[in-house]
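Structure assessment
Chain residues, written in single-letter form:
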Amino acid sequence: QVQLVETGGGFVQPGGSLRLSCAVPRSIFSIFRMGWYRQAPGKQRELVATMTSGGSADYADSVKGRFTISRDDARNTVYLQMNSLQPEDTAVYYCRADRLGINYWGQGTQVSVSS
């Protein structure tokens, strides 16, 4: 059973920052594309950011310039740095590893942005 473990969610005021982390088994991390997704109440899960094993990143338009995805190969960890958070960023954030139709998901971590 492959486990992706997310940490770093929490409560923050508008304009604040959070960093999410996702620990990944080495066998997965080295060859899978990694991504962050989110699901707000009553909405479908949506892509936030992805990064290939080669380090190429892609972002949803709604987070460009505010969020940064990165990976630490020594720690087998992918990060999502979230700056200038807004109430509309409130959601459960999920880590995902995918490759050739194979998908693994983390359990999710709650991010809440409110004044």
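The structure we're discussing is the one just above.
Anyway, here's the lowdown on the structure attached to this text.

1. Regarding unusual backbone geometry
Unlike most non-glycine residues, Asn76 shows phi in positive territory, near 50°. Along the polypeptide, Asn76 turns up in the loop between strand E7 (67-72) and strand E8 (77-82). Its relative accessible area of 13% is what places Asn76 among the buried residues. With a phi close to 50°, Ser84 is a non-glycine residue in the positive phi region.

2. As for the nonpolar core
Core analysis: the biggest nonpolar cluster contains 29 residues, and Trp36, Leu80, Met82 and Tyr93 have the highest contact counts within it. For this core, the secondary-structure elements that each account for two or more residues are strand E3 (18-23), helix H1 (26-29), strand E4 (33-39), strand E5 (46-51), E7, E8, strand E9 (91-99) and strand E11 (109-113). The contact partners of Tyr93, leaving out residues within four places of it in the chain, are Glu6, Leu20, Tyr37, Arg38, Val48, Phe67, Leu80, Met82, Gly108, Thr109 and Val111.

3. Re the pattern of salt bridges
Evaluated as defined, the whole model comprises 7 salt bridges. Put simply, Glu46 and Arg38 hold a salt bridge, and the shortest N to O gap is 2.7 Å. Judged by its relative accessible area of 37%, Glu46 is partly exposed. By relative accessible area, Arg38 is classed as buried at 6%. Note that Arg66 and Asp89 form a salt bridge whose closest N and O atoms lie 2.8 Å from each other. Here Arg66 is found in the loop between strand E6 (57-59) and E7, whereas its partner Asp89 is found in the loop between E8 and E9, with 23 residues between them in sequence. Note on Arg66: relative accessible area 17%, which makes it buried. Given the relative accessible area of 0%, Asp89 is considered buried. Among the ionic contacts, a cluster of salt bridges with common partners joins Arg38, Glu46, Arg66 and Asp89.

4. Thoughts on the state of the cysteines
For the coordinates displayed, the defined rule picks out 1 disulfide. Through a disulfide, Cys22 is tied to Cys95; the S-S separation comes to 2.1 Å. Disulfide Cys22 to Cys95: torsion about the S-S bond roughly -85°, handedness left-handed. Taken as a pair, Cys22 in strand E3 and Cys95 in strand E9 lie far apart in primary sequence, 73 residues in all. Given the relative accessible area of 0%, Cys95 is considered buried.

5. Examining the pairing of E3
Where strand E1 (residues 5-7) meets E3, 3 bridges bridge the pair, whose relative direction is antiparallel. When the bridges of E3 are listed, Val5 appears paired with Ala23. By the bridge criterion, 6 bridges tie E3 to E8 in an arrangement that is antiparallel. When the sheet's bridge partners are listed, Leu18 is paired in E8 with Met82.

Quick notes on the rules
Residues numbered from 1 in each chain as written. Predicted model: local features only at pLDDT ≥ 70, side-chain atom pairs only at ≥ 80, totals over all residues. Heavy atoms only, no water. Helix = DSSP H or I, 4+ residues; strand = E, 2+ residues; numbered from the N terminus. Buried < 20%, exposed > 50% of the residue type's maximum accessible area, 1.4 Å probe, protein only. Core = buried A, V, L, I, M, F, W, Y, C linked by side-chain atoms within 4.5 Å. Contact = heavy atoms within 4.5 Å. Salt bridge = Lys/Arg side-chain N within 4 Å of Asp/Glu carboxyl O. Disulfide = S-S within 2.5 Å. Pairing = 2+ DSSP bridges.

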